[in-house]
Amino acid sequence: MALIDLANPTRFLALTARLLPWLIGVTALLMLAGLQQAYMAPDDYQQGATVKIMFVHVPNAWLSMFVWIVMTAAALGTLVWRHPLADVAAKAAAPLGAAFTFVALVTGSLWGRPTWGTYWEWDARMTSVLILFLMYLGLIALWRAVEDPSRAARAAAILTLVGAINIPIIKFSVDWWNTLHQPASLIRSGGAAIHPTILIPLLIMALAFSLLFLTLHLAAMRNEILRRRVRTLQMMQAAGRA
Amino acid sequence: MTALGALIRRDLLIAIRAGGGALIGVLFFLTVVVLIPFAIGPDLPLLKRIGPSILWLGAMLASLLTLERLFTADQDDGSLDLLIMSRTPLELTCVAKALAHWIASGLPLVVATPLFGLLLNLEPKESLTVALTLLVGTPALTLTGMIGAALAVTLRRGGLLLAVLVLPLSIPVLIFGVAASNAAALEPSSFGTPFSILCAITLTTLVIGPVAAAASLREGLD
């Protein structure tokens, strides 16, 4: 029962201390390899070099949704099993998810300017990612508004679960809204499958960014555990002095 | 059942007798509707075109305004603890509270809508359609908002956070409410689809809202 073993924060800290240097190394190597492959990849015959934004944009867009799934699993861990590390995991994941979503939005916007001629379009996908970003920010605000960490964890867990149910509904309704109001001029038709020269760098970058998330997540969880220890020590010190 | 009936009765009496709660929501709704022409100019054709959207936005903001009181008053006088500890399932208590809150603050918005439609140059039939969509949609706003109200009940600065948490979750209601209202005006044949989906969303929130609100009340206050 690895998950039960990890419930002990000290054991978790010891394990991640051994794991993190390797993870950092592998992530850096993969990221370099992916960037090099992306650099070598051929330009698109229509979009030219701007298509290379995709190698950053698509992995971030994937992660923006993946992080919410991770937080949903952590929320279940908090509410159902009261796993002590689950709320740490959920809290550490929220700003990372917001950051990945933000990068996806910004790169998408920068990509849209040369190809679509506009920084922002109320396209269904962009709109639902923007709403996802707002929900990340709301979740972070909720984390910060409650002082007691375990109570904040349970409130945030409920909001995460509600979001997990609602995000598909929002996505569906935004799709519906967009197709009703404007013709599908920007949504490109399926087209041919991605050529291997582009697909392979994309997959490497996706793996590199996923590892980046794992590395940052573990590091943020370590920081959160240490932050809580410092807080507890300060409280004990203050109580002792009083 | 009698406990829930008593709870609904009590909440309604408080809403009617203390501070004119329902009327403040309607007054805020009216103010929003009046402000829009100042912002975009007294252009009657334009107002007629965006009228349903303005009414929906106004009603949404007005229902948000009254949401904070849903649990905080009970929290202040301690009756929330009694409600949580009582033998009635907390989920049903939440449904009862949402129902009372909707009758006190959502229904007046619906009733006022046909009147405010006149200010926006809407035909009576269009106004009545918007009122119909609001009649179906405002319960969903209350039920979704109840989750936020339950999460924010223990916070010091709950009000702003409540809006930030609840508004993104209400986007589907807004989309289909406005779509149904516009469809009725432009092409009556396509009214049914968005209206049915709006009903479906309301029914979905009837399940999710009380369960999530009850869970966060239990988790937040122990």
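What counts and how
- Residues numbered from 1 in each chain as written.
- Chains lettered and ligands numbered in written order.
- Predicted model: local features only at pLDDT ≥ 70, side-chain atom pairs only at ≥ 80, totals over all residues.
- Heavy atoms only, no water.
- Helix = DSSP H or I, 4+ residues; strand = E, 2+ residues; numbered from the N terminus.
- Buried < 20%, exposed > 50% of the residue type's maximum accessible area, 1.4 Å probe, protein only.
- Areas by Shrake-Rupley, 256 points an atom, 1.4 Å probe, with all protein chains shown as cover.
- Contact = heavy atoms within 4.5 Å.
- Phe/Tyr/Trp six-rings, centres within 6.5 Å; stacked < 30°, edge-to-face > 60°.
- Lys NZ or Arg CZ within 6 Å of the ring centre and 35° of its normal.
- Buried area = accessible area lost by both parts, 1.4 Å probe.
- Salt bridge = Lys/Arg side-chain N within 4 Å of Asp/Glu carboxyl O.
- Polar contact = N/O pair within 3.5 Å; in protein donor to acceptor, adjacent residues only side chain to side chain.
- pLDDT = per-residue confidence, 0-100.
- Patch = residues over 30% accessible without salt bridge, like charges linked within 9 Å, V, L, I, M, F, W, Y side chains within 5 Å.
- Axes fitted to C-alpha atoms, helices over the stretch in contact; angles between N-to-C directions.
- Parallel < 35°, antiparallel > 145°, perpendicular 65-115°, else oblique.
- Left-handed = near helix turned anticlockwise from the far one by under 90°.
- Nonpolar A, V, L, I, M, F, W, Y, C, P; charged D, E, K, R; others polar.
- Expected span 1.5 Å × (residues − 1).

### Side note on the overall build of chain B
- From N to C terminus, chain B includes 10 helices and zero strands.
- Listing each helix as α and each strand as β along chain B from the N terminus yields α-α-α-α-α-α-α-α-α-α.
- Each of the three principal axes of chain B carries a C-alpha extent, and together these read 55 × 35 × 30 Å.
- The 222 residues of chain B split such that 54% are buried.
- For chain B, the accessible surface area stands at approximately 9900 Å², while carbon and sulfur atoms represent 72% of it.

### Let's talk about the environment of Trp143(A)
Residues and elements named next belong to chain A.
- Looking at the element boundaries, Trp-143 is found in helix H5 (residues 124-145).
- By relative accessible area, which is 7% here, Trp-143 ends up buried.
- Placed 12 residues apart in sequence, Trp-143 and Ala-155 show a C-alpha to C-alpha distance of 8.1 Å.
- The residues touching Trp-143, leaving out its near neighbours within four places in the chain, are Asp-87, Ala-90, Lys-91, Ala-94, Pro-149, Ala-152, Ala-153 and Ala-156.

### A closer look at the packing of aromatic side chains
- Summed over the entire model, instances satisfying the criterion amount to seven aromatic pairs over all chains.
- An angle of 85 degrees between the planes, with centres 6.3 Å apart, marks the rings of Phe66(A) and Phe213(A) as edge-to-face. With a gap of 147 residues between them, Phe66(A) in helix H3 (residues 54-81) and Phe213(A) in helix H7 (residues 196-241) connect regions that are remote in the sequence.
- In this structure Phe213(A) comes out as buried when scored by relative accessible area, which is 4%.
- With a centroid separation of 5.0 Å and an interplanar angle of 25 degrees, the aromatic rings of Phe191(B) and Phe195(B) are classed as stacked. A single burial state applies to Phe191(B) and to Phe195(B), both of which are buried.
- Members of the aromatic cluster, joined through ring pairs, are Phe66(A), Phe100(A) and Phe213(A).
- Taking the ring centre of Tyr39(A) as reference, the NZ or CZ of Lys52(A) above it sits at 5.8 Å.

### Focus on the interface of chain A and chain B
- The interface is formed by 28 residues belonging to chain A together with 25 residues belonging to chain B.
- For the pair chain A and chain B, the summed buried area comes to about 2300 Å², and 78% of that belongs to carbon and sulfur atoms.
- The tally of links from chain A across to chain B stands at two salt bridges.
- A salt bridge links Glu219(B) to Arg82(A); its shortest N-O distance comes to 3.1 Å.
- Linking chain A to chain B there are two residue pairs in polar contact (both at pLDDT 80 or more).
- Those elements giving two or more residues to the side of chain A that touches chain B turn out to be H5 and helix H6 (149-181) of chain A.
- The biggest single contributor to the side of chain A that touches chain B is H6(A), with 16 residues.

### Considering the environment of Leu76(A)
- By secondary structure assignment, the location of Leu76(A) is in helix H3.
- With residues near it in sequence (within four places) discarded, Leu76(A) still touches Trp81(A) and Leu161(A).

### Considerations on the side chain of Lys97(B)
- Locating Lys97(B) in the fold gives a position in helix H6 (residues 90-119).
- Of the residues examined, Lys97(B) reaches a relative accessible area of 3% and is grouped as buried.

### Some words on the pattern of salt bridges
- Counted under the stated rule, the structure contains 13 salt bridges over all chains.
- One network of salt bridges, with partners in common, ties together Asp87(A), Lys91(A), Glu224(A), Arg227(A) and Arg228(A).

### Observations regarding the side chain of Ser128(A)
- Within the fold, Ser128(A) resides in helix H5.
- Not counting residues up to four positions away in its chain, the partners in contact with Ser128(A) are Lys171(A) and Val174(A).

### As for the confidence of the model for chain B
- On average, residues of chain B carry a pLDDT of 87, and 95% of them reach 70 or more.
- In the predicted assembly, ipTM is 0.83 and pTM is 0.86.

### A word on the environment of Trp111(A)
- Considering the arrangement of structural elements, one finds Trp111(A) in helix H4 (residues 84-116).
- Sequence-distant contacts of Trp111(A), that is, excluding residues within four places in its chain, are made with Gln47(A), Thr50(A), Val51(A), Ile53(A), Met54(A) and His57(A).

### Considering a nonpolar patch on the surface
Residues and elements named next belong to chain A.
- Together, Phe-102, Val-106, Leu-110 and Tyr-119 make up a nonpolar patch on the protein surface, roughly 380 Å² of accessible area in all.
- Within the element layout of this structure, Tyr-119 appears in the loop between H4 and H5.
- Judged by its relative accessible area of 45%, Tyr-119 falls in the partly exposed class.

### What to know about the packing of H4(A) against H5(A)
Residue and element names in this part refer to chain A.
- Interhelical geometry of H4 versus H5 gives an angle of 150 degrees and a closest axis separation of 9 Å. One way to sum up the angle between H4 and H5 is to call them roughly antiparallel. Remark: the crossing between H4 and H5 carries left-handed chirality. Residues Asp-87, Ala-90, Lys-91, Ala-94, Pro-95, Gly-97, Ala-98, Thr-101, Phe-102, Leu-105 and Trp-116 of H4 form the contact with H5, whose own contacting residues are Met-126, Val-129, Leu-130, Leu-132, Phe-133, Tyr-136, Leu-137, Leu-139, Ile-140 and Trp-143.
- Partitioned by chemical class, the residues of the contact of H4 with H5 number 17 nonpolar, two polar and two charged.

### So, unusual backbone geometry
- You will see that Arg82(A), though not glycine, has its phi angle at about 50 degrees, which is positive.
- Residue placement: Arg82(A) occurs in the loop between H3 and H4.
- On the accessibility criterion, Arg82(A) (46% relative accessible area) is partly exposed.
- One non-glycine residue with positive phi stands out, namely Asn121(B), at about 65 degrees.
- The residue Asn121(B) is located in the loop between H6 and helix H7 (124-152) in this model.

### Observations regarding H3(A)
- An ideal rise of 1.5 Å per residue puts 40 Å on 28 residues; H3(A) measures up with 39 Å between its terminal C-alpha atoms.
- Phi turns positive, to about 50 degrees, at Arg82(A), one or two residues after H3(A).

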